[in-house]
Amino acid sequence: MLPNSVKLLNRLYPIVKLSTRNTVIVKRVYRPPVVTSTTSYLPDVAQKQIDASVLDSAEGKYMVYEVEEEKQDQHRVKVILLRNVDDFGVKGQIVSFPVLDVHKELIQPGYAVYHSEENLAKYADFVIPEDKPMNSSESARLFIVKWSKRCLDICMNMENDWTIEKWHIAASLRKHRVWADVEKIEIPGGTISGPDLSLENKEFIAVLTMNNFEKVRIRCRIHHHTSEPERAIKLQSWYARQAEPVWEHERQELMDMNRQPPSFRIKTNKKLAQDVEKFYQWKNEREKRLNQ
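Calculation criteria
Residues numbered from 1 in each chain as written. Predicted model: local features only at pLDDT ≥ 70, side-chain atom pairs only at ≥ 80, totals over all residues. Heavy atoms only, no water. Helix = DSSP H or I, 4+ residues; strand = E, 2+ residues; numbered from the N terminus. Buried < 20%, exposed > 50% of the residue type's maximum accessible area, 1.4 Å probe, protein only. Contact = heavy atoms within 4.5 Å. Areas by Shrake-Rupley, 256 points an atom, 1.4 Å probe, with all protein chains shown as cover. Pairing = 2+ DSSP bridges. Axes fitted to C-alpha atoms, helices over the stretch in contact; angles between N-to-C directions. Patch = residues over 30% accessible without salt bridge, like charges linked within 9 Å, V, L, I, M, F, W, Y side chains within 5 Å. Salt bridge = Lys/Arg side-chain N within 4 Å of Asp/Glu carboxyl O. Polar contact = N/O pair within 3.5 Å; in protein donor to acceptor, adjacent residues only side chain to side chain.

A. Region of interest: the overall build of the protein. The helix and strand tally for the protein stands at nine helices and 11 strands. Relative to its 292 residues, the protein shows a buried fraction of 32%. Residue pairs at least 24 apart in sequence account for 61% of intrachain contacts in the protein once pairs closer than 6 positions are excluded. Of the roughly 20100 Å² of accessible surface on the protein, 52% is carried by carbon and sulfur atoms.

B. Quick peek at the sheet that holds strand β4 (residues 94-98). Read across the sheet, three strands follow the order β4-β3-β5 without closing on themselves; strand pairing throughout is antiparallel. Edge strands, defined here as strands with exactly one partner in the open sheet, are β4 and β5 (112-114). Neighbour-to-neighbour, the strand axes of the sheet open up by a mean angle of 45°, direction not taken into account. Relative to β4, strand β3 (residues 76-81) runs antiparallel, the two sharing five bridges. Its bridge partner being in β4, K78 is matched across the sheet by S96.

C. Seen up close, a nonpolar patch on the surface. Among the surface-exposed residues, V24, V26, M63, Y65 and V67 lie close enough to one another that they form a single nonpolar patch of about 420 Å² accessible area. Classification of Y65 by relative accessible area gives partly exposed; the value is 37%.

D. Structural view of the environment of T23. Tracing the backbone shows T23 in the loop between α1 (4-12) and β1 (25-28). Given the relative accessible area of 45%, T23 is considered partly exposed. Here the alpha-carbon distance between T23 and E70, two residues 47 residues apart in the chain, equals 6.8 Å.

E. Quick look at the pattern of salt bridges. Summed over all chains, the structure comprises 17 salt bridges. When the shortest N-O distance is used, the salt bridge between E138 and R141 registers 2.8 Å. Remark: R141 and E138 occur in helix α5 (residues 138-147); sequence separation between them is three residues, near one turn of the helix. We classify E138 as partly exposed; its relative accessible area is 46%.

F. Inspection of the pairing of strand β10 (residues 203-210) at higher detail. Summarising burial for β10: eight of the eight residues are buried, a large majority. The two faces of β10 match: E203, I205, V207 and T209 on one face and F204, A206, L208 and M210 on the other face are all buried. Pairing of β10 with strand β11 (residues 214-225), which is carried by eight bridges, proceeds in the antiparallel orientation. What sits directly across from V207, in β11, is R217. The loop that links β10 with its antiparallel partner β11 comprises three residues; one of these, N211, has a positive phi angle of about 55°.

G. Fine view of the sheet that holds β11. The strand order β6-β11-β10-β8 describes an open sheet built from four strands, whose pairing is mixed. Unpaired on one side and paired on the other, β6 (151-157) and β8 (185-186) mark the two borders of the sheet. Relative to β11, α5 is tilted by about 40°, and along the sheet it contacts β6, β10 and β11. With respect to the sheet, helix α6 (residues 166-174) is in contact with β6, β8, β10 and β11, its orientation differing from that of β6 by roughly 120°.

H. The arrangement of the pairing of β3 in detail. In this structure, β3 lies alongside β5, joined through three bridges in antiparallel fashion. If you follow I80 over to β5, its bridge partner there is V113.

I. Local environment of the side chain of R83. Relative to the elements of secondary structure, R83 occurs in the loop between β3 and β4. The exposure class assigned to R83 is buried, which follows from its relative accessible area of 8%. A polar side-chain atom of R83 sits 3.1 Å from a polar atom in the side chain of E287. A polar contact is formed between the side chain of R83 and the side chain of N291, at a distance of 2.8 Å. With sequence-adjacent residues up to four places away left out, R83 is seen in contact with G89, V90, K91, Y111, E287, L290 and N291.

Below, the structure is given as structure tokens:
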């Protein structure tokens, strides 16, 4: 019998079986004997007879193996991107990633082709030279991958007057262990003032300049905060919900920005079923725009 705690854990976090492609190289510990044919009219030994000599051996010792190689490191493959691809790069960029990621995320959907002299000549009109720097560092690239799809909460006072300034963005980033200079932050859309409950959970764009090189667009979401519990606004999983823009002129830009896919917990929450459906509808429409 399983303990009650284990049963509860299985109900809260059901086991998900995922198939993976793995190769394990083994060799026999004991070499099986040579099997000879028992009949003169069939000189070749039947496979059934060979299998029986191994499987029916004493203590099954011929079925004992030792592992020679359990895991093979993935080699990296160089490809040319045919369109902007989230987490990988921009159209025409030559990138190198592990072979399985390249095959699944880039080659199969038709977002890239393998790097070759033939393809370099074929797509020469938009290929970006390899020596052109696309990021100031690898850590900067990984930061962009993460924050290009995240939603930053900007908490503002529900009682006192305020206008969102650059330092509000910097303070909100610090909550997520990101330290940014105020001078490197822009709010291109315009001025946002409150308190104004019509702005609750609406979003706008802030731009962060990194290493005087990259510019990262960050999706910001407004929340009104109060110290009075009875007036507090509670919205479950607000970051997973589609929101309206603060300014209409930023609507299309926000629709084209990447978003974090819903987690397993969110996808299995019946209360958020409509929001999950809206996410995949938005994703399909965005993919169609990117493929044009």
